[in-house]
Amino acid sequence: MKSSAFRRTTTTTVLAAGLTAALALTGCAKTEDDAAGDPSSAAGGDTGQIVATPAPGGGESCTVEQFGGTRTDLATATVGFSQSEKEANPFRIAETASIRAEAEKRGVKLLTANAQTQFSKQISDVQDLIAKGADLLVIAPLNSDGWGPVLRAAAARKIPIVTVDRKINATPCKDYVSFIGSDFVEQGRRAADRMIEATGGRGEVAILLGAAGNNVTTERTKGFKDRIEAEAPGLRVVFEQTGEFAREKGQQVTEQLIQSNPDITGIYAENDEMGLGAVNALKGAGKKPGDVKIVTVDGTRNAVRGIVDGWISGVIESNPRFGPLAFATLDAFTKGEKVAQDIVIQDSAYTEENAKSGLGKAY
């Protein structure tokens, strides 16, 4: 029987009135250049982000008056988008494609920059976007800390900031307007539920941690470990090491893991790329599909195919298509409407039952 905790959809409520409708932009592009040239390549199917239905008056909100800015027309504004990581990760490819496509759809001037997984570059990138005349900013932060120089520069010009996917450690509706992303603790819990089911709740589990210094890694780890401790005392976490959200690093760490613990029962990879690296390591060690249970987070096409092929036991989705929701939030905010300080989206999941049919939805 499937775990009811695993099946349930996140119900966190966060979006203020005016932004409660489901917003969709879909699909996947091959590279950032492809995405720029063909935004429509990011479309198709039931893949858009959906905001959890908010309770009346639920969550803290922000208005342009509270923020200290002035009302503007998004259609005439310049939006700057700062991407954090190299466009080798399908999540980042889809994220950038979504932002570009929505800007084109709305006819909004968009300036972009990619930090290439270098935090110092991301800080200088955003400062450069401000210098080039960005009126509004959408930032996919690499790290949660260290944003002081950017926040000061933006505050001096009253530039609203929306962060996507990861939070920055700052004060909402003062330093930035809203965060849009998943409930990462809940993602960890749901990954634990799937691991418990796949392993029967017994054995030894390793965690391939995401990159240090951001809330995603911290919260996905907390959700997973807390759930395992509470629901499966026979399942022990015996190994934790960062794979830096990268496939190559995930493979290297798993190769070390297999040498030190050849009988490992399961691997929880905090993103798909590390999970796919773990699959490569297991294949190299002569393991067969299903010998080690792997659960990942993201929802990339290769990971979902890994379920179909028997190498991966489950994938918790983390939807990267932020374009429509980010621009809708900025549009409402600049018109003077209330927007939520924390906008949490619903995420689905892939299992043996729906992986094959869900390949078209994966990115």
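Now for a quick tour of the structure. Please read these numbers as outputs of a predicted model, since none were measured by experiment.

### Some details on the sheet that holds strand β5 (residues 161-164)
Here is step 1: Read from one edge to the other, the open sheet built from 6 strands follows the order β3-β2-β4-β5-β6-β13, with strand pairing classed as parallel. Looking at which strands have only one partner, the edges of the open sheet turn out to be β3 (109-114) and β13 (342-344). Neighbour-to-neighbour, the strand axes of this sheet turn through a mean angle of 15°, independent of strand direction.
Here is step 2: Where strand β6 (residues 178-181) meets β13, 3 bridges bridge the pair, whose relative direction is parallel.

### A word on the nonpolar core
Here is step 1: Leu137, Trp147, Ile267 and Ile312 are the most contacted members of the largest nonpolar core, which totals 50 residues.
Here is step 2: Mapped by element, the contributors of at least two residues to this core are α5 (119-131), β4 (136-139), α6 (148-156), β7 (203-209), α9 (247-260), β9 (266-269), α10 (272-284) and α11 (301-308).
Here is step 3: No other element matches α10, which puts 6 residues into this core.
Here is step 4: Sequence-distant contacts of Ile267, defined by excluding residues within four places in its chain, comprise Met195, Ala206, Leu208, Thr254, Leu257, Ala278, Val292, Lys293, Ile294 and Val295.
Here is step 5: Formed by 25 residues, the second largest nonpolar core is a distinct cluster that contains Ile99, Ile180, Phe327 and Leu330.

### Concerning the state of the cysteines
Here is step 1: All told, the structure shown has 1 disulfide when counted by the stated rule.
Here is step 2: Bridging Cys62 to Cys173, the disulfide has an S-S length of 2.1 Å. As the torsion about the S-S bond is roughly 80°, the Cys62-Cys173 disulfide counts as right-handed. You can see Cys62 sitting in strand β1 (residues 61-62) and its partner Cys173 sitting in the loop between β5 and β6, a full 111 residues away along the chain. Cys173 carries the same exposure label as Cys62, and that label is buried.

### Describing the pairing of strand β2 (residues 78-83)
Here is step 1: When you tally the buried positions in β2, you get 6 out of 6 residues, the bulk of the element.
Here is step 2: Across the two faces of β2 the burial is the same, with Thr78, Gly80 and Ser82 and Val79, Phe81 and Gln83 all buried.
Here is step 3: Of the pairings in the sheet, the one linking β2 to β3 comprises 6 bridges and is parallel in character. Considered in β3, the bridge of Val79 is made with Leu110.
Here is step 4: With helix α4 (residues 90-106) bridging β2 and the parallel β3, this β-α-β connection has right-handed handedness.
Here is step 5: Note: β2 against β4, 4 bridges, orientation parallel.

### Structural notes on the packing of helix α7 (residues 184-199) against helix α8 (residues 215-231)
Here is step 1: For the pair α7 and α8, the least separation of the axes is 7 Å and the interaxial angle reads 40°. Classed by the angle they form, the pair α7 and α8 counts as oblique. Relative to α8, the crossing made by α7 is right-handed. Facing α7, whose interface residues are Phe184, Val185, Gln187, Gly188, Arg189, Ala191, Ala192, Asp193, Met195 and Ile196, α8 presents Asn215, Val216, Glu219, Arg220, Gly223, Phe224, Arg227, Ile228 and Glu231.
Here is step 2: Among the residues forming the contact of α7 with α8, the class breakdown is 9 nonpolar, 4 polar and 6 charged.

### Some thoughts on the packing of α5 against α6
Here is step 1: Taken N-terminus to C-terminus, the directions of α5 and α6 make an angle of 10°; their axes are 9 Å apart at the nearest point. Classified by the interaxial angle, the pair formed by α5 and α6 is roughly parallel. Counting all contacts with α5, which are made through Ile123, Val126, Gln127 and Ile130, the residues of α6 involved are Pro149, Val150, Ala153 and Ala154.
Here is step 2: In terms of residue class, the contact of α5 with α6 is built from 7 nonpolar, 1 polar and no charged.

### A look at the side chain of Ser182
Here is step 1: Its location among the elements puts Ser182 in the loop between β6 and α7.
Here is step 2: Relative accessible area serves as the criterion here: at 5%, Ser182 is assigned to the buried category.
Here is step 3: Within the structure, the side chain of Ser182 is placed 2.7 Å from the side chain of Asp347, a separation counted as a polar contact.
Here is step 4: Here Ser182 is in contact with Gln187, Ser318, Val344, Ile345 and Asp347, once residues within four sequence places are set aside.

### Some details on the sheet that holds strand β8 (residues 235-242)
Here is step 1: Strand order in the open sheet formed by 6 strands is β8-β7-β9-β10-β11-β14, with mixed pairing between adjacent strands. Of all strands in the sheet, those bounded by a partner on one side alone are β8 and β14 (349-350).
Here is step 2: In the sheet, strand β10 (residues 293-298) pairs with strand β11 (residues 314-317) via 4 bridges, with the strands oriented parallel. Paired with Asp298 across the bridge in β11 is Glu317.
Here is step 3: α8 contacts β7, β8, β9 and β10 of the sheet and is inclined by roughly 170° relative to β7.

### Here we look at the side chain of Gln187
Here is step 1: Within the element layout of this structure, Gln187 appears in helix α7.
Here is step 2: Setting aside residues no more than four positions away along its own chain, Gln187 makes contact with Ser182, Arg220, Val297, Ile316, Glu317, Ser318 and Asp347.

### Focus on α4
Here is step 1: A rise of 1.5 Å per residue sets the reference length of α4, with its 17 residues, at 24 Å; its end C-alpha atoms lie 24 Å apart and thus fit the reference within 8%.
Here is step 2: Near the N-terminus of α4, the side chain that reaches the backbone nitrogen of Phe91, with its oxygen 2.9 Å away, is that of Asn89.

### Quick look at the pattern of salt bridges
Here is step 1: By the definition in use, this model includes 21 salt bridges.
Here is step 2: Residue Lys132 is joined to Asp128 by a salt bridge in which the shortest nitrogen-to-oxygen separation is 3.2 Å.
Here is step 3: Taking the relative accessible area as the measure of exposure, Lys132 reaches 55% and is therefore exposed.
Here is step 4: The exposure class of Asp128 is partly exposed, given its relative accessible area of 35%.
Here is step 5: Glu204 serves as the salt-bridge partner of Arg236, at 2.5 Å between the closest nitrogen and oxygen. Taken together, the residues span a long stretch of sequence, with Arg236 in strand β8 and Glu204 in strand β7 at a distance of 32 residues.
Here is step 6: What makes Glu204 partly exposed here is its relative accessible area of 24%.
Here is step 7: Each of Glu85, Arg92, Glu95, Asp165 and Arg166 takes part in salt bridges that share partners, so that together they form one network.

Conventions used here
Residues numbered from 1 in each chain as written. Predicted model: local features only at pLDDT ≥ 70, side-chain atom pairs only at ≥ 80, totals over all residues. Heavy atoms only, no water. Pairing = 2+ DSSP bridges. Helix = DSSP H or I, 4+ residues; strand = E, 2+ residues; numbered from the N terminus. Axes fitted to C-alpha atoms, helices over the stretch in contact; angles between N-to-C directions. Core = buried A, V, L, I, M, F, W, Y, C linked by side-chain atoms within 4.5 Å. Buried < 20%, exposed > 50% of the residue type's maximum accessible area, 1.4 Å probe, protein only. Contact = heavy atoms within 4.5 Å. Disulfide = S-S within 2.5 Å. Right-handed = clockwise from strand over helix to strand, strands pointing away. Parallel < 35°, antiparallel > 145°, perpendicular 65-115°, else oblique. Left-handed = near helix turned anticlockwise from the far one by under 90°. Nonpolar A, V, L, I, M, F, W, Y, C, P; charged D, E, K, R; others polar. Polar contact = N/O pair within 3.5 Å; in protein donor to acceptor, adjacent residues only side chain to side chain. Expected span 1.5 Å × (residues − 1). Salt bridge = Lys/Arg side-chain N within 4 Å of Asp/Glu carboxyl O.

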